[in-house]
Amino acid sequence: MRIVMGAQNCGFGPASELVAVSRLLSDHERVFVGSGVAATFTRRNPDAFDTIREIEATRGRAGAELVDDLLETGDQVVSVMDADLALRSVIARRPVVMVDSLFGFWRLGRPLARIRDLCATLPRSSYVAADRHLAALSSHERVVAAHLLATHSVVQNFPGVPERAAEFAALGAGSAIHLTGPIIDLEGLRNTPLDAEPEYDLLVNVGGFKNFLLDFDVNNDYLRLLHHWIPDLLRDWPRFSRVLVCGGPFDGHRERSVSVAGRRADCRLLPQRDLLRAVASTPDYLLAPGLTALHESMVLGRLPLGIHEQHYAHVYTLRRLGGTLFGRNAGRFADVLPHHRLPEDDLAGTAALVEIAGRVQEDEELYSVFRRTFNERIEHYVSLTPARRRHGVEELRRLLGGEPVHEVLARILPPRGSE
């Protein structure tokens, strides 16, 4: 069976989940199609696919035609939160599995029943007609519509997800919702040694960063703040003599090293399984609070410290996990600007975080508060006993666990040779 696969272009989370799913489907021919940060992550993990078709160089109509041509030759589609790929698959009359780690996050400005009715009357004569039919929906509502249109939906457990799945079921809305545990590279995690000699004292995982607003060269105030802070991290923490800063902005020519007082930070982008080995072996771990990286850390038995929010989904994640040790300990921009109200909206909230990061980076007094309060967070984190760290990991496992994703996929996808 030929499976066409793609992921939403928002950080490394969706692409990482796609890689994890793809590795579970190695008995089939797996074709990645996509661009941007998803393609960047895929190129760093080429063993997870049989073919990689990047459409960055063929934007617009040519890129859309490439996707449609691949769908014509495919038997099955797997889309990780890529609503457009799911919609094109429906028009091409290909079965599509919609995979989602943020199922409870999508904000609806209209009742779910109204979105269901729009999907029920979707014209399937062409993508243009279908796209026009859904034009009034927000980007979040388009993802929900993709679930309604998909053949199957595989959704990762998180506070609020079971309630939304129940809402779908009560309406008899769309595809079957299959609740699963972490959508991560379980084979890679199983094969990651937990007792390797650490190469670094501290790992800082920035993630993919880039999304619908953030970019490495535009709206990059968070990265500028991070670059400003890394030398001070080395100055303030002699115990961290070797630091690895890993993530999207350090790909290719962006890789660099920073040295202060005989201590060094290496900024790099690692292949996924190399990153897992670093997570497993490095004593202390700071990460942007994305769910995929958090799940990987949880399986490896490592409790990380969350760093300040890059975008609104990070705000949502920390709020939902506020009752856990991880959620309580995480750094937040509210530590710096406690009375600043963030818009309760993905785009506006993310734009506000960009503005806050810029203010903190440029204002010497605000930066001093940022540095001091984050040092307080780090101080508390490094003082946690091994028992407290294990407790923090276990409470996350209890809260976020579910049926293994490989069992869900085995149940809904035909085995090789049956197509």
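Note that this is a predicted model, so its numbers are computed, not measured.

Q: Looking at this structure, how should I read the sheet that holds strand β12 (residues 284-287)?
A: Strands belonging to one sheet form pairs held by backbone hydrogen bonds; the direction of such a pair is parallel or antiparallel. Strand order in the open sheet formed by six strands is β10-β11-β9-β8-β12-β13, with mixed pairing between adjacent strands. If you trace the sheet from one side to the other, it starts and ends with β10 (256-260) and β13 (305-306), each paired once. Across five bridges, the pairing between β10 and strand β11 (residues 263-268) is antiparallel. In the strand pairing of β11, V258 is matched with A265. Against the sheet, helix α11 (residues 272-281) contacts β8 (202-207), β9 (242-247) and β12, and its axis sits at roughly 140° relative to β8.

Q: Sorry, what's going on with the environment of A261 here?
A: By secondary structure assignment, the location of A261 is in the loop between β10 and β11. With 26 residues separating them along the chain, A261 and R235 place their C-alpha atoms 6.9 Å apart.

Q: Looking at this structure, how should I read unusual backbone geometry?
A: As a rule of thumb, non-glycine residues mostly have phi less than zero, and peptide bonds are mostly trans rather than cis. Unusually for a residue other than glycine, F209 sits at a positive phi of about 65°. You can see F209 is positioned in the loop between β8 and α10 (221-236). Residues other than glycine seldom take positive phi values, yet N219 does so here, at roughly 50°. Accessibility expressed as a relative area gives 29% for N219, which makes it partly exposed.

Q: Sorry if this is basic, but what is going on with the pattern of salt bridges here?
A: Close approach of charged atoms lets side chains of opposite charge pair. Following the criterion strictly, the structure yields 29 salt bridges and no others. R273 serves as the salt-bridge partner of D185, at 2.7 Å between the closest nitrogen and oxygen. Of this pair, D185 sits in the loop between β7 (176-180) and α9 (186-190) while R273 sits in helix α11, and the two are 88 residues apart along the sequence. R372 is the partner of E376 in a salt bridge, and the nearest nitrogen-oxygen pair spans 3.3 Å. On the criterion of helical spacing, the pair formed by E376 and R372 is a turn pair, its members being four residues apart in helix α16 (residues 364-382). Overall, the relative accessible area of 45% leaves R372 in the partly exposed class. Within this structure, R23, D47, D185, E187 and R273 form a network of salt bridges that share partners.

What counts, and where the lines are drawn
- Residues numbered from 1 in each chain as written.
- Predicted model: local features only at pLDDT ≥ 70, side-chain atom pairs only at ≥ 80, totals over all residues.
- Heavy atoms only, no water.
- Pairing = 2+ DSSP bridges.
- Helix = DSSP H or I, 4+ residues; strand = E, 2+ residues; numbered from the N terminus.
- Contact = heavy atoms within 4.5 Å.
- Axes fitted to C-alpha atoms, helices over the stretch in contact; angles between N-to-C directions.
- Buried < 20%, exposed > 50% of the residue type's maximum accessible area, 1.4 Å probe, protein only.
- Salt bridge = Lys/Arg side-chain N within 4 Å of Asp/Glu carboxyl O.

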